[in-house]
Amino acid sequence: MPGLGWDAAAEQRFDVNLSILFTELPLLERPAAAAAAGFTAVELWWPWIDSPTPERSELDALRKAIEDAGVQLTGLNFYAGQLPGPDRGALSVPGEESERFRANVEVAAEFAGSLGCGALNALYGNRVDGVDPAEQDALALENLVLAARAADGIGAILLIEALNKPESPLYPLVSAPAAVGVADKVNAATGLDNARFLMDLYHLSMNGEDLPAVIERYTAKTGHVQIADNPGRGAPGTGSLPLEDLLGRLRKAGYDGWVGLEYKPGDRPSAEAFDWLPR
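Fair warning: this is a prediction, and the values are worked out from it, not measured in the lab. (Residues numbered from 1 in each chain as written. Predicted model: local features only at pLDDT ≥ 70, side-chain atom pairs only at ≥ 80, totals over all residues. Heavy atoms only, no water.)

1. Thoughts on the nonpolar core
By size, the foremost hydrophobic cluster in this structure holds 87 residues, and its most contacted members are Leu76, Leu158, Phe197, Ile227, Leu261 and Phe274. The contact partners of Leu158, leaving out residues within four places of it in the chain, are Phe78, Leu120, Ala122, Leu144, Ala147, Ala148, Ala151, Val186, Asn194, Ala195 and Arg196. (Core = buried A, V, L, I, M, F, W, Y, C linked by side-chain atoms within 4.5 Å. Buried < 20%, exposed > 50% of the residue type's maximum accessible area, 1.4 Å probe, protein only. Contact = heavy atoms within 4.5 Å.)

This is the structure in structure tokens:
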């Protein structure tokens, strides 16, 4: 295999994030492109950044595109504002953004459930000038409880993600312990035990965290893993992160779920950004 000598990568289940890869194509063409590239599963950020409640025809069209491509939807973000862009979620932002998140909860859960998607990611949202962080955290817990219950209603888990401080300076969850702590609070509040950590190795490495220690400590609380190399957020092998070793550690620690490929293809078509993968 060109690029990396990933002896054990064939044991891993990789899905492709269609909000960062294949974005050179219209949304409805991306599931088929992922299937043509050899993937059986995909994940998505909330695709309608301006609308938490898109027209049913838009939801139906995306559902049909995923079904027709024969791929499994393994993960979906709740409405999170402008992604990519200035926003990092909506659920802790008082006023209109929080309302938009709430309006989206059942819509996103129903869409995910109709495709057998088992994981919904709720991005926390940025700190807001002039608002007490404790007030934002109380609002966040309230909205995450709603989201956890909606996820439970379709047999799914709720994911809480840590981002990285250099790229998301106003986002409060910029470490594994911070994100896991929120998931624990949600589980304590609901009693459902379906809130889990989204372990994004790129974000954690950007924060300078000890990744082997994070894996050892938090794999049992992890519901999904995402990867990109660092620096650059490109494909494995374009940076210096020891991703093969880290995924091996995850497997040894008991993680057998999907690994989302959430990296930038660089200056090439997305279909050419998978040459590191075993065939």
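2. Some words on the pattern of salt bridges
Taken as a whole, this structure holds twelve salt bridges when the rule is applied. Measuring nitrogen to oxygen at the nearest pair gives 3.2 Å for the salt bridge that ties Glu97 to Arg100. Within this pair, Glu97 and its partner Arg100 are both found in helix H3 (residues 96-114), separated by three residues, close to a single helical turn. A salt bridge links Arg268 to Asp275; the nearest nitrogen and oxygen atoms lie 3.8 Å apart. Overall, Arg268 belongs to the partly exposed group, its relative accessible area being 25%. In the salt-bridge network here, residues are joined through shared partners; they are Glu96, Glu97 and Arg100. (Salt bridge = Lys/Arg side-chain N within 4 Å of Asp/Glu carboxyl O. Helix = DSSP H or I, 4+ residues; strand = E, 2+ residues; numbered from the N terminus.)

3. Considering the packing of helix H2 (residues 56-69) against H3
Two elements in contact, H2 and H3, have axes separated by 11 Å at closest approach and are oriented at 30°. Here H3 runs roughly parallel to H2, going by the angle between their axes. H2 and H3 meet at a crossing whose hand is right-handed. Contacts between H2 and H3 pair Arg56, Leu59, Leu62, Arg63, Ile66 and Glu67 from the former with Val107, Glu110, Phe111 and Ser114 from the latter. Of the residues belonging to the contact of H2 with H3, the class tally is five nonpolar, one polar and four charged. (Axes fitted to C-alpha atoms, helices over the stretch in contact; angles between N-to-C directions. Parallel < 35°, antiparallel > 145°, perpendicular 65-115°, else oblique. Left-handed = near helix turned anticlockwise from the far one by under 90°. Nonpolar A, V, L, I, M, F, W, Y, C, P; charged D, E, K, R; others polar.)

4. Some details on the packing of aromatic side chains
Under the criterion given, the structure shown has nine aromatic pairs. Ring geometry for Trp46 and Trp48: centres 5.1 Å apart, planes at 65°, overall edge-to-face. Classification of Trp46 as buried rests on a relative accessible area of 5%. Through pairs of rings, three or more aromatic residues link up here, namely Phe14, Phe22, Phe39, Tyr263, Phe274 and Trp276. (Phe/Tyr/Trp six-rings, centres within 6.5 Å; stacked < 30°, edge-to-face > 60°.)

5. Topic: the sheet that holds strand S5 (residues 157-161)
Within the closed barrel, the eight strands sit side by side as S1-S2-S3-S4-S5-S6-S7-S8. Their pairing is parallel. Shown here is a sheet whose adjacent strand axes are inclined to one another by a mean of 30°, direction ignored. Where strand S1 (residues 13-17) meets strand S2 (residues 41-44), two bridges bridge the pair, whose relative direction is parallel. Bridged to Asn17 within S2 is Glu43. Against the sheet, helix H4 (residues 133-153) contacts strand S4 (119-121) and S5, and its axis sits at roughly 140° relative to S5. In the packing of helix H7 (residues 211-218) onto the sheet, contacts are made with strand S6 (195-200) and strand S7 (222-227), and the angle to S6 comes to roughly 160°. (Pairing = 2+ DSSP bridges.)

6. Overview of the pairing of S5
Where burial is concerned, most of S5 is hidden: four out of the five residues are buried. Sheet topology places S4 next to S5; three bridges connect them, and they run parallel. Of the residues in S5, the one forming a bridge with Leu120 is Leu158. In this fold, S4 hands off to H4, which returns the chain to S5; that crossover is right-handed. Judged from the four bridges that link them, S5 and S6 form a sheet pairing that is parallel. Each bridged residue has a counterpart across the sheet, and for Glu161 the counterpart in S6 is Leu198. One crossover worth recording links S5 to the parallel S6 by way of helix H5 (residues 176-190), and it is right-handed. (Right-handed = clockwise from strand over helix to strand, strands pointing away.)

7. Here we look at the environment of Ala138
Its place among the elements puts Ala138 in helix H4. Along the chain, Ala138 and Ser92 lie 46 residues apart, while their C-alpha atoms are 8.1 Å from each other.

8. Focus: unusual backbone geometry
Note the cis peptide between Leu83 and Pro84, where omega equals -10°. Look at the link from Asn230 to Pro231: it is a cis peptide, with omega at 5°. Looking at where Pro231 falls in the secondary structure, it is placed in the loop between S7 and helix H8 (243-252). Even without glycine at this site, Asp193 takes up a positive phi of about 55°. Relative to the assigned elements, Asp193 resides in the loop between H5 and S6. Look at Asp193 and you get partly exposed, because its relative accessible area is 47%. Phi at Arg233 takes a positive value of approximately 55°, unusual for a residue other than glycine. Assignment of secondary structure puts Arg233 in the loop between S7 and H8.

By themselves, these figures tell us nothing about what the structure is for.
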